[in-house]
Amino acid sequence: MTERRRQPSGTAPDRVADAGAAPVPMSAELSRCRPAEPSLDGPDGDSRGGPEKGSPGGPGKPSRRHTWGRLNPLLRLLILTQLAFNVGFFAVLPFLAAHLGTAIGMAGWMVGFVLGLRTFSQQGLFVVGGALADRYGVRPVVLVGCVLRIAGFVWLGYAEAVWSVIGAVLLIGFAAALFSPAVESEVARQAVVWEESGGGSRTRVLALFTVAGQAGAFVGPLIGALLLAVDYRVVCLGGAGVFVLVLAGHARLLPQHIPGRERVEVRGGLGGLLRNRRFLALCGAYGAYLLAYNQLYLLLPDEVERATGSQAALAWLFGLSSLLVVTAQLPVTRWAGDRLDLRRSMAAGLLLVAAGFGVVALARTAGWTGTAGLLPAAGFVALLTLGQMLVAPAARAWVPDLAVEGRLGLYTGAMFSVSGLIVLLGSAGTGSLMDTGLPPAVPWAVLAAVPVASILLLPRRSGTAERS
């Protein structure tokens, strides 16, 4: 990879790019606002970073342990935050579709719509949470989001009518729309600071963030499966309990003010964002990936139940996905960083995602059941997860190069908002395909085509900081 090109500084933090002009990338300005307080420096008191010595991977290829040891305390807290968020979330969500279809008695299209609505109320409103984080800071937005998530899980546990389920799902999604963009944008900002100070590629930090999330996604379904032996209400209350602990911990540990993060007005940033064609193209491609990923909660449970007669194996497939990420994410990130730019990394990941859907589409014609019937589903999970390892860190690393300085929360939120709209429409469409009586391979074949087509949306160049 070549060294990132820096742009001349001097753009006011709140200024929005004129129509037709490229925005001053947030990453080009971050080197002027690195954390200066000792409490946010590395463990040895030196925040400058530099090549790590003695790591198993050799110079420039530090191990996960060495990378973690060099991160500042704020980055460590934010990465552990993602772990805790996903433990609580994935204890509940993987079993929601079956609960809606059996206990509530919803039709397939309605289950798909509710799942898409949950995603849209989360990702679709990320732009709100991101803008609020830019304006008020990370701490208050994260704490309010945790309170709403607790209330939403408790409500879902007692919801029986369709309208009540929808209300609980909307509250659960909006809670994440507050805390997730606040955490993710600050992780991305800190990752750029870490890169600018010589610590290493920002994608390595973002890969650790992904690993933490998947570790939570591994533990969460196992906890949920144990609680499901009682009933789904206990599952929801258990998920709420996790977020009670998260709320208490962050009320104590999350800083009131993060050095280098300047607060900006909410108004004034959306116009420049909507004129940023490269950023919007990235949003479209990422939305196609997220629609594919969302099928872990719609198509995959249906396939597992068809093959085995129950969804008991679902927790193990989620565990397989998480285990792959935890063990292989950083090696994959290092491999991709040495050979691929951000665009090629996303394109390769989208092709792997498409291949996963293709495997099940081809296998459905054979009608396998039992253990053999689970093999295509396992292949789908493995390929989708490998694709995720390439797509997710690359997309997150790309956003700071396209965002206006001071508006990273807004741009991070907007990427997920556009993606959420795509998931809402796509999930409802997928649920309809499942109810139409078409051959069972059709929904899988259609979803295989979506990531392939989305490669055409990827920007040809990533703003002013293209990597080659």
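Worth saying up front: this structure is predicted, and the values here are computed from it rather than measured. (Residues numbered from 1 in each chain as written. Predicted model: local features only at pLDDT ≥ 70, side-chain atom pairs only at ≥ 80, totals over all residues. Heavy atoms only, no water.)

### Observations concerning the overall build of the protein
At step 1: Looking only at helices and strands, one finds 18 helices and zero strands in the protein.
At step 2: Buried residues in the protein amount to 58% of all 468 residues.
At step 3: Restricting the contact set of the protein to residue pairs at least 6 apart, pairs at least 24 apart contribute 84%.
At step 4: Accessible surface computed for the protein: about 17900 Å², of which carbon and sulfur atoms make up 64%. (Helix = DSSP H or I, 4+ residues; strand = E, 2+ residues; numbered from the N terminus. Buried < 20%, exposed > 50% of the residue type's maximum accessible area, 1.4 Å probe, protein only. Contact = heavy atoms within 4.5 Å. Areas by Shrake-Rupley, 256 points an atom, 1.4 Å probe, with all protein chains shown as cover.)

### Here's the deal with the side chain of R118
At step 1: With respect to the helices and strands, R118 occurs in helix 5 (residues 108–123).
At step 2: Of the side chains bearing the opposite charge, E184 lies closest to the buried R118, which forms no salt bridge; the N-O distance is 11 Å.
At step 3: Ignoring sequence-local partners within four residues, the contact set of R118 consists of F89, L93, V169, G173, N294 and Y297. (Lys, Arg positive; Asp, Glu negative; His and termini not counted. Salt bridge = Lys/Arg side-chain N within 4 Å of Asp/Glu carboxyl O.)

### As for the pattern of salt bridges
At step 1: Tallying each qualifying case throughout the model produces seven salt bridges.
At step 2: Measuring nitrogen to oxygen at the nearest pair gives 3.0 Å for the salt bridge that ties E303 to R306. Taken together, the residues span about one helical turn, with E303 and R306 both in helix 13 (residues 299–308) at a distance of three residues.
At step 3: Using a relative accessible area of 28% as the deciding quantity, one classes R306 as partly exposed.
At step 4: Linking D341 and R344 is a salt bridge whose minimum nitrogen-to-oxygen distance equals 3.0 Å.
At step 5: Residue D341 is classed as buried on the basis of its relative accessible area, which comes to 9%.
At step 6: Salt bridges sharing common partners tie together E195, R202 and D401.

### A look at the confidence of the model for the protein
At step 1: Confidence in the prediction of the protein, expressed as mean pLDDT, is 78, and 82% of residues score 70 or more.
At step 2: Confidence scores differ between elements of the protein, with helix 1 (residues 26–29) showing the lowest mean pLDDT of 44 and helix 7 (residues 138–158) the highest of 93.
At step 3: With pLDDT under 50 throughout, residues 1–61 is counted as low confidence; its partners more than four residues away or in other chains account for 129 contacts.
At step 4: Confidence over residues 462–468 falls short of pLDDT 50; this stretch has 29 contacts with residues more than four positions distant or in other chains. (pLDDT = per-residue confidence, 0-100.)

### Here's the deal with the packing of aromatic side chains
At step 1: On inspection of all chains with the given rule, the structure shows 17 aromatic pairs.
At step 2: Their ring planes at 55 degrees and their centres at 5.2 Å tell us that Y286 and Y289 sit as a pair that is tilted. Of this pair, Y286 and Y289 both sit in helix 12 (residues 277–294), three residues apart, roughly one helical turn.
At step 3: On the basis of an interplanar angle of 65 degrees and a centroid distance of 4.8 Å, the ring pair of F357 and F380 is categorised as edge-to-face. Of the two residues, F357 is situated in helix 15 (residues 342–364) and F380 in helix 16 (residues 370–402); the sequence distance between them amounts to 23 residues. (Phe/Tyr/Trp six-rings, centres within 6.5 Å; stacked < 30°, edge-to-face > 60°.)

### As for empty space enclosed by the protein
At step 1: In total, this model carries six cavities of 30 Å³ or more according to the counting rule given.
At step 2: In this structure, the largest cavity spans a volume of roughly 530 Å³.
At step 3: In this structure, the largest cavity is lined by 29 residues; those nearest its centre are Q82, N86, Q122, Q123 and Y293.
At step 4: Going through the elements one at a time, helix 3 (73–90), helix 5, helix 8 (162–196), helix 9 (202–228), helix 12 and helix 16 are the ones with two or more residues in the lining of the largest cavity.
At step 5: Residues belonging to the lining of the largest cavity are distributed by class as follows: 14 nonpolar, 11 polar and four charged. (1 Å grid on protein atoms, 1.4 Å probe; cavity = no way out; pocket = protein on both sides within 12 Å on 5 of 7 lines; lining within 4 Å. Points joined across faces, edges and corners; volume = space filled by probe spheres on them. Nonpolar A, V, L, I, M, F, W, Y, C, P; charged D, E, K, R; others polar.)

### What about helix 10 (residues 232–253)?
At step 1: Under the 1.5 Å per step criterion, the end-to-end length of helix 10 is 32 Å for 22 residues, consistent within 8% with the ideal 32 Å.
At step 2: Elements that come into contact with the buried residues of helix 10 comprise helix 3, helix 4 (96–102), helix 7, helix 8 and helix 9.
At step 3: The N-cap residue of helix 10 is D231: its side-chain oxygen and the backbone nitrogen of R233 are 3.2 Å apart. (Expected span 1.5 Å × (residues − 1). Polar contact = N/O pair within 3.5 Å; in protein donor to acceptor, adjacent residues only side chain to side chain.)

### A word on helix 5
At step 1: If you check helix 5, its first and last C-alpha atoms are 22 Å apart, about what 16 residues at 1.5 Å a residue would give, namely 22 Å.
At step 2: Among the 16 residues that make up helix 5, 12 are buried, leaving the element largely enclosed by the rest of the structure.
At step 3: Of all the positions in helix 5, only M110, V111, G112, V114, L115, G116, L117, R118, T119, S121, Q122 and Q123 are classed as buried.

### With respect to the environment of I172
At step 1: Of note, I172 is situated in helix 8.
At step 2: As a C-alpha pair, I172 and F153 span 19 residues in sequence and 6.7 Å in three-dimensional space.
At step 3: Excluding residues within four positions of it along the chain, I172 makes contact with R149, G152, F153 and L156.

### What to know about a nonpolar patch on the surface
At step 1: Among the surface-exposed residues, F218, V219, I223 and L323 lie close enough to one another that they form a single nonpolar patch of about 290 Å² accessible area.
At step 2: The leading source of residues in the nonpolar patch is helix 9, at three residues.
At step 3: Position of F218 relative to the elements: it lies in helix 9. (Patch = residues over 30% accessible without salt bridge, like charges linked within 9 Å, V, L, I, M, F, W, Y side chains within 5 Å.)

### Focus on the layout of surface pockets
At step 1: The volume enclosed by the second largest pocket comes to roughly 310 Å³.
At step 2: In terms of lining, the second largest pocket is formed by 18 residues, of which the most central are A97, V111, D302, E305 and Q311.
At step 3: Elements with a minimum of two residues in the lining of the second largest pocket: helix 4, helix 5, helix 13 and helix 17 (408–435).

### A few points about the environment of A240
At step 1: Tracing the backbone through its elements, the reader meets A240 in helix 10.
At step 2: The residues touching A240, leaving out its near neighbours within four places in the chain, are I150, F153 and V154.

### Here we look at the packing of helix 3 against helix 8
At step 1: One can describe the packing of helix 3 onto helix 8 by two numbers: an axis separation of 10 Å at closest approach and a directional angle of 145 degrees. Considering how the two elements wind past one another, helix 3 and helix 8 form a crossing that is left-handed. Residues L74, L75, L78, T81 and F85 of helix 3 form the contact with helix 8, whose participating residues are F179, V183, E186, V187 and Q190.
At step 2: Taken together, the residues of the contact of helix 3 with helix 8 sort by class into seven nonpolar, two polar and one charged. (Axes fitted to C-alpha atoms, helices over the stretch in contact; angles between N-to-C directions. Left-handed = near helix turned anticlockwise from the far one by under 90°.)

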